[in-house]
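Survey of secondary and tertiary structure
Listed below, chain by chain, are the residues.
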Number of protein chains: 2
Amino acid sequence: MAKSLLVVGSIALDTLRTPYGEVADELGGSATYFSVAASFFAPVRLVGVVGEDFPPAFRKVLETRHIDTAGLQVVRGGKTFRWRGSYQGAMNEAKTEEVRLNVFGDFRPAIPADWKDTRLVFLANGSPVTQASVLDQVQKPELVVADTMNLWIETQRDALAALLRRVDGLVLNDGEARMLAGEQNLVSAGMKVLTMGPKFVVVKKGEHGAILVSSAGPRTICPLPAFPSTTVRDPTGAGDSFAGGMMGYLTTAGEYDFPHLMRAMAYGTVTASFAIENFGLRRYDTLTIDEIDHRLREYHEMLAF
Amino acid sequence: MAKSLLVVGSIALDTLRTPYGEVADELGGSATYFSVAASFFAPVRLVGVVGEDFPPAFRKVLETRHIDTAGLQVVRGGKTFRWRGSYQGAMNEAKTEEVRLNVFGDFRPAIPADWKDTRLVFLANGSPVTQASVLDQVQKPELVVADTMNLWIETQRDALAALLRRVDGLVLNDGEARMLAGEQNLVSAGMKVLTMGPKFVVVKKGEHGAILVSSAGPRTICPLPAFPSTTVRDPTGAGDSFAGGMMGYLTTAGEYDFPHLMRAMAYGTVTASFAIENFGLRRYDTLTIDEIDHRLREYHEMLAF
């Protein structure tokens, strides 16, 4: 039986434009992308907050994927977190045009009593204080992985340092890794982050893939390219989908040594490659684990020089 | 016995600065990096031009690597091509501060009579007209691969188009591939370039590796990450070293199907990873094919998820 996987993070309504089209009030948010991506591998427990305006159809999307929404707080009279942005050209970077935190601004995660024994925990991007409050509420998980961002590195360095001593893994993008470590070389940056607490770091590089740097065993580095897609319509949520596929696989595998982390990275890569094929979470509506496995084999062959 | 490999391109004296130091009048140039990198795999025939100021010690560097310099023209009273530039931060891009083409500005490659049957030809970056003049002088090589750059894409589009119909492979960087194809997506850009003539395209992405796109066989795409080095002191010549390792391996292998192209990409990746460990060609002074093979195995394991 798969172990239990908990994610805590944002649930948002995204309005965005890419060279391939635009959507308004689309289901988004870090915890959402993570949950749906992970749900292809294992049952997911979602902790987040929305306003009264959160469409019942979106809750249905989550429940259809067997994501347990018992931890989804609905704030009476509140509004759901909204993000508006756009992508241009090669879509390497989102340009944020508007952020309304709304109910997410006062988010105090409350872990349901019967989820406190969750075995794997993913702390999606959020303030390190909020992330730490989740760890205060769970009992000795086997694997804790956190995401973070430049904002927290710049403004809550001490709280982040304290958090890093309590996590097993950290996921962050290349610019953030350089900022956190004060190292330009990404491998050196990853190694420096290992001295801050985590046993492994995954540095995400968007369309260029990701690098895993681990303190475990003799083989400690795994650089993987992104899956080479010709269909990329909306990169929103790629990083969270990657983390979802990665953690979802680890939940099923139940082992966290270097070979399993490598394979988890590959699953994360492939799972994310589907997400970006269509706007928001739409590609996941029809996706199956067989398609993921098929693409993983393709990906494996592409690298088998 | 290995087949014969010919390279035509620039030989330069580089003056450059990186965060790790600076060097003046260092042996450089596309054909130089290519030759030395390829020389670990096969004998290389070098066609290029230098001035009378070209230091005998640098000719010695080439000859020590068993590079045949019978095609090296020395222009009496002329000066060698000089490039001055610098790298900052993550060293992803060279900032060119000064270029003096000198004798390279009037370079008319002359292929020695007994080299006309060369089996593999690499046309390092140069004007497509000059590159084509090389093909006019050789007899039916088995494999012709060219490099190009934005300057030629912008200013000599027709000549470049004509050249592309005569080559088997094209090597270029990501920005150039996007420009040439008019496609933002790199895989789509690679596929579009295939319609212009080449049977395969290698899109180089610097620290992010490279993507091979080929029209051969059912497996047509191979994305490889760069070798994850912590020691990167001078990225000059990385792309030409990559091409040198790639073509050097193909010369020894004597086969150019997709599996061999994949392996050639991996050898190119690993060979280039040594070049950037020290300034100019210095790391190659002590490098051995055993070290290259050892790192290839390491690299292979890193990707074996």
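In what follows, the structure referred to is the one given above.
To start, this report covers the structure provided alongside it. (Residues numbered from 1 in each chain as written. Chains lettered and ligands numbered in written order. Predicted model: local features only at pLDDT ≥ 70, side-chain atom pairs only at ≥ 80, totals over all residues. Heavy atoms only, no water.)

Considering the overall build of chain A
Per the secondary structure count, chain A includes ten helices and 13 strands. For 305 residues, the compact-globule estimate of 2.2 N^0.38 gives 19 Å, and chain A sits close to it at 18 Å. Each principal axis of the C-alpha distribution contributes one length, and for chain A these read about 55 × 45 × 40 Å. A burial count over chain A gives 58% of its 305 residues as buried. Contacts spanning at least 24 positions in sequence make up 64% of the contacts within chain A whose residues lie at least 6 apart. Charge separation in chain A, taken as the distance between the mean sites of 31 positive and 35 negative side-chain charges, equals 2 Å. (Helix = DSSP H or I, 4+ residues; strand = E, 2+ residues; numbered from the N terminus. Rg over C-alpha atoms; globule rule 2.2 N^0.38 Å. Buried < 20%, exposed > 50% of the residue type's maximum accessible area, 1.4 Å probe, protein only. Contact = heavy atoms within 4.5 Å. Lys, Arg positive; Asp, Glu negative; His and termini not counted. Charge placed at Lys NZ, Arg CZ, Asp CG, Glu CD.)

Looking at the relation of the copies chain B and chain A
In screw terms, the move from chain B to chain A is a rotation of 180° and a rise of 0.0 Å along the axis, fitting with an RMSD of 0.0 Å. Such a turn and shift between the copies fits a two-fold axis. Both copies present the same face, since 100% of the interface residues in chain B are matched by interface residues at the equivalent positions in chain A. (Least-squares fit on C-alpha atoms with pLDDT ≥ 70 in both.)

Here's the deal with the nonpolar core
In terms of nonpolar packing, the biggest core is built from 198 residues, with A:M247 and B:M247 touching the most fellow members. In this structure B:M247 touches B:L5, B:F34, B:L120, B:V121, B:F122, B:L143 and B:V145, once residues within four positions along its chain are discounted. (Core = buried A, V, L, I, M, F, W, Y, C linked by side-chain atoms within 4.5 Å.)

As for the sheet that holds strand β7 (residues 95–100) of chain A
Backbone-to-backbone hydrogen bonds join strands into a sheet, with any given pair of strands oriented parallel or antiparallel. Residue and element names in this part refer to chain A. Taken in spatial order, the four strands make up an open sheet running β3-β2-β6-β7, and their pairing is mixed. Among the strands making up the open sheet, the edge pair consists of β3 (21–28) and β7. Sheet twist, expressed as the mean angle between neighbouring strand axes with direction ignored, is 15°. Here helix α1 (residues 30–38) sits on the sheet and contacts β2 (12–18) and β3; the angle it forms with β3, its principal contact strand, is near 85°. (Pairing = 2+ DSSP bridges. Axes fitted to C-alpha atoms, helices over the stretch in contact; angles between N-to-C directions.)

Digging into the pairing of strand β8 (residues 120–123) of chain B
All names here are of chain B. Burial along β8 is two-sided: the residues L120 and F122 and V121 and L123 are all buried. Examined bridge by bridge, strand β1 (residues 5–8) and β8 share four bridges and lie parallel to one another. Its bridge partner being in β8, L6 is matched across the sheet by V121. Here β8 runs beside strand β9 (residues 143–147); their pairing, made up of four bridges, is parallel. Looking across to β9, one finds that V121 is bridged to V144. What joins β8 to β9 is helix α3 (residues 128–135), and the crossover it makes is right-handed. (Right-handed = clockwise from strand over helix to strand, strands pointing away.)

Here we look at the interface of chain B and chain A
Listed by partner, the interface residues are 34 residues for chain B and 34 residues for chain A. Of the roughly 3,000 Å² buried between chain B and chain A, counting both surfaces, carbon and sulfur atoms make up 64%. When residues of chain B are sorted by the area they lose upon contact with chain A, B:H208, B:P223 and B:F305 head the list and together hold 25% of the total. Taken together, chain B and chain A are joined by two salt bridges. The salt bridge partner of A:R178 is B:E207, with a shortest N-O separation of 3.3 Å. Linking chain B with chain A are eight residue pairs in polar contact (both at pLDDT 80 or more). Residue assignment for the side of chain B that touches chain A shows that the elements contributing at least two residues are α7 (186–194), β13 (221–224), α9 (258–275) and α10 (289–302) of chain B. Examining the composition of the side of chain B that touches chain A, we find that five residues originate from one element, α10(B), more than from any other. Of the residues belonging to the side of chain B that touches chain A, the class tally is 20 nonpolar, eight polar and six charged. (Buried area = accessible area lost by both parts, 1.4 Å probe. Salt bridge = Lys/Arg side-chain N within 4 Å of Asp/Glu carboxyl O. Polar contact = N/O pair within 3.5 Å; in protein donor to acceptor, adjacent residues only side chain to side chain. Nonpolar A, V, L, I, M, F, W, Y, C, P; charged D, E, K, R; others polar.)

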